[in-house]
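# Survey of secondary and tertiary structure
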Amino acid sequence: HRCSCCAPLVTLELVDHPPQSEAMAMKLFVGGLPQVTTKETLNVYFGQFGGSPDSYVMMDSATGNSRGFGFVNFHDEEAFQLVLQHPVHEVDGARITVREYTQQAPNKAGAGGPPTIQPGYT
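Residues numbered from 1 in each chain as written. Predicted model: local features only at pLDDT ≥ 70, side-chain atom pairs only at ≥ 80, totals over all residues. Heavy atoms only, no water.

### Regarding the overall build of the chain
- Looking only at helices and strands, the chain has three helices and five strands in total.
- Of the regular secondary structure in the chain, the N- to C-terminal order runs α-β-α-β-β-α-β-β.
- Across the chain, contacts joining residues at least 24 apart in sequence account for 62% of those joining residues at least 6 apart.
- When the accessible surface of the chain is summed, it comes to about 9,500 Å², and 52% of that surface belongs to carbon and sulfur atoms. (Helix = DSSP H or I, 4+ residues; strand = E, 2+ residues; numbered from the N terminus. Contact = heavy atoms within 4.5 Å. Areas by Shrake-Rupley, 256 points an atom, 1.4 Å probe, with all protein chains shown as cover.)

Below, the structure written as structure tokens:
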């Protein structure tokens, strides 16, 4: 019989995943974007370096205006490295900030050890 008490709690299925280098896109943070810059503009600009980048501009949900920054995903490591080596980037007449995006862990109070007690405090 098949009741909930006899059924396995977890069913594992083996899936063939691509190598990590293919599965993970390389991501850039782009800042200092003019209000007129769109994801299409970024795709055209960064597409010059090779590959088919996937860009997006962060928008303010209340106003619908650009927040002045965005992200660009590359699936081609050579194009990604070329962008990082390029000393100056200019989009829509403005010099923009371009750097590799690294997701940072949230900053939690007390991380890294026990709390420190300051002298004079109880």
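Moving on from the model shown.
### Section: the packing of aromatic side chains
- Applying the stated rule across the entire model yields 10 aromatic pairs.
- Ring centres of Phe-29 and Phe-71 lie 6.0 Å apart, and the angle between their planes is 70°; on these two criteria the pair is classed as edge-to-face. Pair noted here: Phe-29 is in strand 1 (residues 26–31) and Phe-71 is in strand 3 (residues 66–74), with a separation of 42 residues, a long-range link. There is no split in this pair, since Phe-29 and Phe-71 are both buried.
- Here Lys-27 stacks its cationic end above the ring of Phe-71, 5.0 Å away from the centre of that ring. (Phe/Tyr/Trp six-rings, centres within 6.5 Å; stacked < 30°, edge-to-face > 60°. Buried < 20%, exposed > 50% of the residue type's maximum accessible area, 1.4 Å probe, protein only. Lys NZ or Arg CZ within 6 Å of the ring centre and 35° of its normal.)

### A closer look at the pairing of strand 5 (residues 94–100)
- Bridge analysis of strand 1 against strand 5 gives four bridges, and the strand direction is antiparallel. From the neighbouring strand, Val-30 faces strand 5, where its bridge partner is Val-98.
- Sheet topology places strand 4 (residues 89–91) next to strand 5; three bridges connect them, and they run antiparallel. Note on strand 5: the bridge partner recorded for Glu-90 is Arg-95.
- The loop that links strand 4 with its antiparallel partner strand 5 comprises two residues; one of these, Asp-92, has a positive phi angle of about 50°. (Pairing = 2+ DSSP bridges.)

### Here we look at helix 3 (residues 77–85)
- When we look at burial in helix 3, the residues that qualify are Ala-79, Phe-80 and Val-83. Seen end-on, helix 3 carries its buried residues on one side only, within an arc spanning 100°. The outward face of helix 3, more than 90 degrees from its buried face, is lined by the exposed residues Glu-78 and Gln-85.
- Of the surrounding elements, those touching the buried residues of helix 3 are strand 1, helix 2 (39–47), strand 3, strand 4 and strand 5.
- Two or three places before Glu-78, at the opening of helix 3, Asp-76 has a side-chain oxygen 3.0 Å from that residue's backbone nitrogen. (Arc of directions from axis to C-beta. Polar contact = N/O pair within 3.5 Å; in protein donor to acceptor, adjacent residues only side chain to side chain.)

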